Amino acid sequence: MPRTLPINPRFRRIYQQLSGVDLATSGPEELSLEDLGLGDPQNPRGELLFGTYSPQGLERALRSYGLLQRVEERVGPTELRVQAEDPYRPRISLWSRRFYVPVIDVALRKATGAEVGLEDALATVPLLYVDALLLQNPGRAFDWHRPPLPGQSHPGLALSAPLLELLMLMAHRTGAEALALTPSTFAAACVYDRRFVFVDGAAQGRFLALREAGGKRPRWLLAWAVELGCMRDAEGQPAPFTPMPMVAPVNRRLLRAFEAKPWADARERLRRQPLTLDEESLQQRFPWERMPPGPPPERLAELLGYDPLAPVMAH
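This one's a predicted model, so the numbers in the text were calculated from it and none came from an experiment.

Chemist: Quick question: what am I supposed to make of unusual backbone geometry here?
Modeler: With a phi angle near 55 degrees, phenylalanine 50 is a residue other than glycine that sits in the positive phi range. With respect to the helices and strands, the residue phenylalanine 50 is situated in the loop between helix 2 (20-24) and helix 3 (55-65). Residue alanine 158 is not a glycine yet carries a positive backbone phi of 60 degrees. Its place among the elements puts alanine 158 in the loop between strand 4 (126-135) and helix 5 (160-173). Look at alanine 158 and you get exposed, because its relative accessible area is 52%.

Put into structure tokens, the structure is as follows:
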């Protein structure tokens, strides 16, 4: 059975305490669910997000869970922005007033199991699909304790775990049976791995084989090795990461699909295929221009072929 983590008990209690009125009303004076609108000029039909949330109700929920406060501890005051021309395909952004960029940016939509590769009875299950997800702290700089990952412009907020939990609770509240997404990089899949599984068992097995091939090397370094095409199979051929859909079930019915023998057999078959990191190739391709200034830690210098006298490198 795939490893899954329970939702934070405190979040579950808050979820139960928040009523439909709390989430749908625009202000404390409004006590009815009738004729409620988003209050957004881009949404003239005045529909609630997924039939459940007004922007004010969404902000109320995020503060109840403590997520907004934790973000503001890191980046200062924020502003919640909701784009909802289609209330079933919203984009929810939390903007930093200090840096004037989004620090959280999430694009969501309704989907079905068939869209992510689920079959038979699960093809029609409703899903909450994450089209895009960004968390960043523009007020921090990268260093050798936390170098940039592929695709990162700024360090993260270190809040992906609670945000994903809240998105899973949103999926449950809106009637979806899972949260779904497609990680664009191996590094992103490593973040999602704690709660998500690949719909395809072979994709799950290949991901596990890549992760285990890193041994005791730092996860960020393995992420770059995968991104730069430096992983090899037993025949010396490239072993890339291929983006494939992942799901985080919110009920037992969907979880049982990943206990089935065909899925588990495909996972184990790919997982057992030995992969290795081509260190020479990594040294040749390593993106020094993206790295923090100064020399890397001693334990990494030899592995990366660090040359402090090389004039073309950004160290």
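Chemist: Is there a simple way to explain the side chain of serine 93 in this structure?
Modeler: Relative to the elements of secondary structure, serine 93 occurs in strand 2 (residues 91-96). Owing to a relative accessible area of 5%, serine 93 belongs among the buried residues under this scheme. Separated by 2.7 Å, the side chains of serine 93 and aspartate 105 make a polar contact. In this view, serine 93 contacts Glu79, Leu80, Arg81, Ile104 and Asp105; residues no more than four positions away in its chain are not counted.

Chemist: Help me out: how do you make sense of the packing of aromatic side chains in this one?
Modeler: The geometry of an aromatic ring pair is captured by two quantities: the separation of the ring centres and the angle between the planes. In this structure the tally under the stated criterion is 14 aromatic pairs. The interplanar angle of 65 degrees and the centroid separation of 6.4 Å between the aromatic rings of phenylalanine 198 and phenylalanine 241 together place this pair among those described as edge-to-face. Of the two residues, phenylalanine 198 is situated in strand 6 (residues 197-198) and phenylalanine 241 in the loop between strand 7 (231-232) and strand 8 (246-249); the sequence distance between them amounts to 43 residues. In this structure phenylalanine 198 comes out as buried when scored by relative accessible area, which is 0%. Taken together, the ring pairs connect Trp144, Trp220, Phe286, Trp288 and Tyr306 into an aromatic cluster. We note arginine 81 situated over the ring of tryptophan 95; from NZ or CZ to the ring centre the distance is 4.1 Å. Cation over ring: arginine 109 sits above tyrosine 129, and NZ or CZ is 4.4 Å from the ring centre.

Conventions used here
- Residues numbered from 1 in each chain as written.
- Predicted model: local features only at pLDDT ≥ 70, side-chain atom pairs only at ≥ 80, totals over all residues.
- Heavy atoms only, no water.
- Helix = DSSP H or I, 4+ residues; strand = E, 2+ residues; numbered from the N terminus.
- Buried < 20%, exposed > 50% of the residue type's maximum accessible area, 1.4 Å probe, protein only.
- Polar contact = N/O pair within 3.5 Å; in protein donor to acceptor, adjacent residues only side chain to side chain.
- Contact = heavy atoms within 4.5 Å.
- Phe/Tyr/Trp six-rings, centres within 6.5 Å; stacked < 30°, edge-to-face > 60°.
- Lys NZ or Arg CZ within 6 Å of the ring centre and 35° of its normal.

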